[in-house]
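Residues per chain are reported as follows:
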Amino acid sequence: MNKHKIIKQSKKLLFSGIAAAVLGMICVTTKPVQAATVDGDYPSTNGVNTKEAELNYQAKNNAPAVKNDSAKFDSTKATKSDTIETGTWDGIPVEYDTVTHTLTIGGGTINNTMHVPNVPNTLQLLRIDWNDPSYTYDTLEVKTINFTKKLVINGSAAEWFRFYNNLTTINGFENVDLTHATDMNSMFINCTALENIDLNKLFQPNKTYAVTNVAHMFEGCKKITNLDFSNFDTSNVVDMSGMFNGDINLTQLDLSKFNTSNVTNMNAMFSDCPKLTSIKGLDKFDTSKVTSMGQMFAYCSSLNKLDLSNFNTSKVTQFYFMFYRCTNLQNLNISSFDMTHANFNFNMFASLPNLNTLVLGKKCIMANTGLDTPGKWASDSGNMWTSAELMNNYDGSIDYGTYDNDK
């Protein structure tokens, strides 16, 4: 065989080999890539590699692998594991649906009784231990909370729903046992989107409750218009300060079932409730142990009348700003007030432009109370004083009685 023929034959064999290799590659059956499972699945991007999560999601849905890093999570194809985060809150099982923004809380018992001096003992729903450590929980996303099984709280329930500013609905309160909860301080504070709290399910009839602190319990619940306290046992409560402070849409309150015999602090209890027109039950309040009433009704600009003639204020030392800026208040009766132990009563009656009738008692002290209502005050005893003169001249032992403003 000559040299030219050998070279030509070699080229022919090389070409045949390449063709066979290409044909073999075309005929090979492809299989989808199996990606490693990630607990957080595709919708979670908190610390999870985006492309790896994308491959996981595609593998679950038998989708072909793509090279587009900007691919988005399709909630319509998601399974429960894609949308539900699970974990525990103080040992109680919880689930959070990241699509419906619903937090579901299971059953069990929480003993939140540990006390550390100068450290508030709270029950905030922030301390959730999520099974997916990469998941970042945002309380502002939660819109609904469901209690599905019996949950017993022993000790403190303080600040329980704090930071849930967009929470609109709480279901299943009948499953919650608070009979042994002692502290409800700031329990619903700043739940600014919550329109209704079914207290008759949370506090059930014919049960005794151990709670001693309800300070700021509903403070800043800006959409609440009414609250039903028919079953609310307050017989052990000591602190009611700021209880309704800042409830700007609250229109009326029926507190006729309140037992205030152990209460010592009523500071700012109703302050900054500009739409509050009536408070039923004040005539039944036992205030014999109360020491502080500062700002109690401040900024209640829709209150027209307050009859506090049954109030026992013999232990009250603070009256500062008590009725400040009650701009529509026309009739005020404090004839039973004992102000002889007061240390702070400044601006108690400041900014009451429409006050027409003021009933004062033998132990009322008007000095430095900030009374600045225009006009002159005519009394039963024949006095005719300006507001400044009433503050300077009033002697309860001889000047007590009803004062009408002659504008």
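Residues numbered from 1 in each chain as written. Predicted model: local features only at pLDDT ≥ 70, side-chain atom pairs only at ≥ 80, totals over all residues. Heavy atoms only, no water.

Peer 1: Explain the overall build of the chain residue by residue, including any values.
Peer 2: Check the secondary structure of the chain and you find six helices and 18 strands. The proportion of buried residues among the 407 residues of the chain is 44%. (Helix = DSSP H or I, 4+ residues; strand = E, 2+ residues; numbered from the N terminus. Buried < 20%, exposed > 50% of the residue type's maximum accessible area, 1.4 Å probe, protein only.)

Peer 1: How would you summarise the packing of aromatic side chains if you had to cite specific residues and measurements?
Peer 2: By convention here, two paired aromatic rings are described through the distance between centres and the angle between planes. For the structure shown, the criterion picks out 34 aromatic pairs. Between the aromatic rings of Phe285 and Phe311, the centroid separation amounts to 6.3 Å while the plane-to-plane angle is 5 degrees, which identifies the pairing as stacked. Of this pair, Phe285 sits in the loop between β12 (278-280) and β13 (305-307) while Phe311 sits in the loop between β13 and β14 (331-333), and the two are 26 residues apart along the sequence. Per residue, the accessibility class of Phe285 equals that of Phe311, and both read buried. Judged by centre distance (5.5 Å) and plane angle (85 degrees), the rings of Tyr299 and Tyr324 are edge-to-face. Of the two residues, Tyr299 sits in the loop between β12 and β13 while Tyr324 sits in the loop between β13 and β14, which places them 25 residues apart along the sequence. (Phe/Tyr/Trp six-rings, centres within 6.5 Å; stacked < 30°, edge-to-face > 60°.)

Peer 1: Talk me through the nonpolar core; I want residue IDs and the actual numbers.
Peer 2: As a rule of thumb, nonpolar side chains are buried together in soluble globular proteins. Core analysis: the biggest nonpolar cluster contains 98 residues, and Trp160 and Phe188 have the highest contact counts within it. Only β2 (92-97), β3 (102-105), β5 (128-130), β6 (144-147), β7 (151-156), α4 (199-202), β15 (357-360) and α5 (387-393) provide two or more residues apiece to this core. The leading source of residues in this core is β2, at three residues. Ignoring anything within four residues of it in the chain, the contact list for Trp160 reads Trp89, Leu123, Gln124, Leu125, Phe147, Leu151, Ile153, Val176, Leu178, Ser186 and Met187. (Core = buried A, V, L, I, M, F, W, Y, C linked by side-chain atoms within 4.5 Å. Contact = heavy atoms within 4.5 Å.)

Peer 1: Tell me about unusual backbone geometry, and please be specific about residues and values.
Peer 2: Within the chain, Asp272 stands out as a residue other than glycine whose phi angle is a positive 60 degrees. As for its placement among the helices and strands, Asp272 is situated in the loop between β11 (252-254) and β12. Even without being glycine, Arg325 reaches a positive phi, approximately 60 degrees. Mapped onto the fold, Arg325 is located in the loop between β13 and β14. Residue Arg325 is classed as partly exposed on the basis of its relative accessible area, which comes to 35%.

Peer 1: For the sheet that holds strand β1 (residues 84-89), give the residues involved together with the corresponding values.
Peer 2: Taken together, the six strands give an open sheet; going across it, the order is β5-β1-β2-β3-β6-β8, and neighbouring strands pair in mixed fashion. For this open sheet the edge positions go to β5 and β8 (169-171), each flanked by a neighbour on one side alone. Adjacent strand axes in the sheet meet at a mean angle of 25 degrees when their direction is disregarded. Note: β6 against β8, three bridges, orientation parallel. (Pairing = 2+ DSSP bridges. Axes fitted to C-alpha atoms, helices over the stretch in contact; angles between N-to-C directions.)

Peer 1: Account for the sheet that holds β15, naming residues and giving values.
Peer 2: On the basis of which strands lie adjacent, the open sheet formed by six strands has the order β13-β14-β15-β18-β16-β17 and mixed pairing. A strand with exactly one partner marks an edge of an open sheet, and here the two such strands are β13 and β17 (384-386). Between one strand axis and the next, the sheet turns by 20 degrees as a mean value, whatever way the strands run. Pairing geometry for β14 and β15, over three bridges, is parallel. Residue pairing across strands places Asn331 opposite Thr357, the latter belonging to β15.

Peer 1: Lay out the pairing of strand β16 (residues 376-379) in plain terms, naming residues and giving numbers.
Peer 2: Residues Trp377 and Ser379 line the buried face of β16, whereas the alternating positions Lys376 and Ala378 sit on a face that is not buried. Taken together, the three bridges between β16 and β17 define a ladder with antiparallel strand orientation. Bridge pairing in β17 places Lys376 opposite Thr386. Between β16 and the antiparallel strand that follows it, β17, lie four residues; Gly382 among them carries a positive phi value of about 100 degrees. Inspection of the sheet shows β16 paired to strand β18 (residues 401-406) by four bridges, in the antiparallel sense. Its bridge partner being in β18, Ser379 is matched across the sheet by Tyr403.

Peer 1: Describe a nonpolar patch on the surface, naming the residues involved and giving the relevant values.
Peer 2: Together, Met114, Val116 and Val119 make up a nonpolar patch on the protein surface, roughly 280 Å² of accessible area in all. Mapped onto the fold, Val119 is located in the loop between β4 (108-112) and β5. (Patch = residues over 30% accessible without salt bridge, like charges linked within 9 Å, V, L, I, M, F, W, Y side chains within 5 Å. Areas by Shrake-Rupley, 256 points an atom, 1.4 Å probe, with all protein chains shown as cover. Salt bridge = Lys/Arg side-chain N within 4 Å of Asp/Glu carboxyl O.)

Peer 1: Talk me through the confidence of the model for the chain; I want residue IDs and the actual numbers.
Peer 2: Summary statistics for the chain give a mean pLDDT of 86 and a share of 80% for residues scoring 70 or more. Here residues 1-61 is modelled with pLDDT under 50, and outside its nearest four sequence neighbours on either side it reaches 55 contacts, counting other chains as well. (pLDDT = per-residue confidence, 0-100.)

Peer 1: Account for the state of the cysteines, naming residues and giving values.
Peer 2: Evaluation of the coordinates by the stated rule reveals zero disulfides. Not engaged in a disulfide, the cysteine Cys191 finds its nearest cysteine sulfur in Cys221; these two sulfurs lie 5.3 Å apart. (Disulfide = S-S within 2.5 Å.)

Peer 1: Kindly report on the environment of Phe161, identifying the contributing residues and their values.
Peer 2: Secondary-structure assignment places Phe161 in the loop between β7 and β8. When the C-alpha positions of Phe161 and Ser186 are compared, they lie 8.4 Å apart, and in sequence the two are 25 residues distant. Residues within four places of Phe161 in sequence aside, it is in contact with Leu125, Ile145, Phe147, Leu167, Ile170, Phe173, Met187, Phe188, Ile189 and Cys191.

Peer 1: Go over the environment of Ala193 with me, naming the residues and quoting the values.
Peer 2: Within the secondary structure, Ala193 sits in the loop between β10 (181-183) and α4. Residue Ala193 is classed as buried on the basis of its relative accessible area, which comes to 12%. The spacing of Ala193 and Lys223 is 30 residues in sequence and 6.1 Å in space, taken between C-alpha atoms.

Peer 1: Tell me what's going on with the pattern of salt bridges, and back it up with residues and numbers.
Peer 2: All chains considered together, the criterion is met by five salt bridges. Here Asp90 and Arg127 are joined by a salt bridge, their closest N and O atoms 3.8 Å apart. Remark: Arg127 occurs in the loop between β4 and β5 and Asp90 occurs in the loop between β1 and β2; sequence separation between them is 37 residues. Residue Asp90 is classed as partly exposed on the basis of its relative accessible area of 34%. Look at Arg127 and you get partly exposed, because its relative accessible area is 40%. Each of Glu174, Asp198 and Lys201 takes part in salt bridges that share partners, so that together they form one network.

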